[in-house]
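Observations on the three-dimensional arrangement
Residues per chain, in single letters:
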Amino acid sequence: MIRGAAALMQVMRESRISRAALQPRVHERLRRILTRAYRHVPYYRDVMRTVGYDPERNFTGPADLQRLPVLTKQKIQELGTSAFLDQGVDLERCIFDRTSGSTGRPLEIWRGPRSQALLLARFFRVLMVNG
């Protein structure tokens, strides 16, 4: 078992790609995320329109994020869940979670099945890499 874990950790270390090779992937993924948010999430569409940004026309790269305001827990609670949900999302298929509320009111979190799987995969990767 330990041999298998060591081999997996070695493969994960070797699978890292160079910064130069990673940059086009980052740009493309960010462009897709911003475009989807603009098209389907009311809060982000409103924010982007307010600052005069349309990711379909104006996207240049990660620096574009500086044009958008930082989203706070208070803003999420003020506007409610519906402002941040992808239009047409089926909440029956989503996983509901919430923060502990240690700083006040708990924050509700909805994740799609793929998002939840990626979150767990990242968690397990951290555990494996760090022993």
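So, a few notes on the structure that sits alongside this text.

Thresholds applied
Residues numbered from 1 in each chain as written. Predicted model: local features only at pLDDT ≥ 70, side-chain atom pairs only at ≥ 80, totals over all residues. Heavy atoms only, no water. Phe/Tyr/Trp six-rings, centres within 6.5 Å; stacked < 30°, edge-to-face > 60°. Helix = DSSP H or I, 4+ residues; strand = E, 2+ residues; numbered from the N terminus. Salt bridge = Lys/Arg side-chain N within 4 Å of Asp/Glu carboxyl O. Buried < 20%, exposed > 50% of the residue type's maximum accessible area, 1.4 Å probe, protein only. Axes fitted to C-alpha atoms, helices over the stretch in contact; angles between N-to-C directions. Parallel < 35°, antiparallel > 145°, perpendicular 65-115°, else oblique. Contact = heavy atoms within 4.5 Å. Nonpolar A, V, L, I, M, F, W, Y, C, P; charged D, E, K, R; others polar. Polar contact = N/O pair within 3.5 Å; in protein donor to acceptor, adjacent residues only side chain to side chain. Core = buried A, V, L, I, M, F, W, Y, C linked by side-chain atoms within 4.5 Å.

What the rule picks out here adds up to four aromatic pairs. When the centroid spacing of 4.9 Å and the interplanar angle of 55° are considered together, the rings of Phe 96 and Trp 110 count as tilted. Of the two residues, Phe 96 sits in strand β1 (residues 95-98) while Trp 110 sits in strand β2 (residues 108-111), which places them 14 residues apart along the sequence. Pairwise contacts between aromatic rings join Tyr 43, Tyr 44 and Phe 84 into one cluster.

Turning our attention to the pattern of salt bridges. For the structure on display, the rule yields seven salt bridges. With a closest N to O distance of 3.8 Å, Arg 111 and Asp 97 form a salt bridge. Within this pair, whereas Arg 111 is found in strand β2, its partner Asp 97 is found in strand β1, the two being separated by 14 residues in sequence. Accessibility expressed as a relative area gives 38% for Asp 97, which makes it partly exposed. Put simply, Arg 98 and Glu 108 hold a salt bridge, and the shortest N to O gap is 3.9 Å. Residue Arg 98 is found in strand β1, and its partner Glu 108 is found in strand β2; the two are separated by 10 residues along the sequence.

Our next topic: the packing of helix α2 (residues 19-40) against helix α3 (residues 42-50). Between α2 and α3, whose axes approach to 6 Å, the crossing angle comes to 100°. As far as their axial angle goes, α3 and α2 are roughly perpendicular. Two secondary-structure elements touch here, α2 through Leu 34, Ala 37, Tyr 38, Arg 39 and His 40 and α3 through Pro 42, Tyr 44, Arg 45, Met 48 and Arg 49. Looking at the contact of α2 with α3, its residues break down into six nonpolar, one polar and three charged.

You can see Thr 35 is positioned in helix α2. Polar side-chain contacts of Thr 35 include one of 2.8 Å to the backbone oxygen of Arg 31. Those residues in contact with Thr 35 that sit more than four places away from it in its chain are Pro 55 and Glu 56.

Quick look at the environment of Arg 32 now. Take Arg 32: it is sitting in helix α2. By relative accessible area, which is 47% here, Arg 32 ends up partly exposed. Taking C-alpha positions, Arg 32 is 9.1 Å from Glu 56, a pair spaced 24 residues apart along the chain.

Moving on, we get to the environment of Pro 55. Tracing the chain through its elements places Pro 55 in helix α4 (residues 55-58). Taking the C-alpha atoms as reference, Pro 55 lies 7.4 Å from Tyr 38; in sequence the two are 17 residues apart. Look past the residues within four positions of Pro 55 in its chain and what remains in contact with it is Leu 34, Thr 35, Tyr 38 and Met 48.

Once that is clear, we can look at the nonpolar core. Membership of the largest hydrophobic core is limited to 12 residues, which are Leu 30, Leu 34, Ala 37, Tyr 38, Tyr 43, Val 47, Met 48, Tyr 53, Phe 59, Leu 68, Ala 83 and Phe 84. Elements represented by at least two residues in this core include exactly α2 and α3. Among the elements that line this core, the one with the most residues is α2, at four residues. For Tyr 53, the residues in contact, after removing those within four places along its chain, are Leu 34, Tyr 38, Met 48, Asn 58, Phe 59, Asp 64, Arg 67 and Leu 68.

Coordinates in, geometry out; function isn't part of it.
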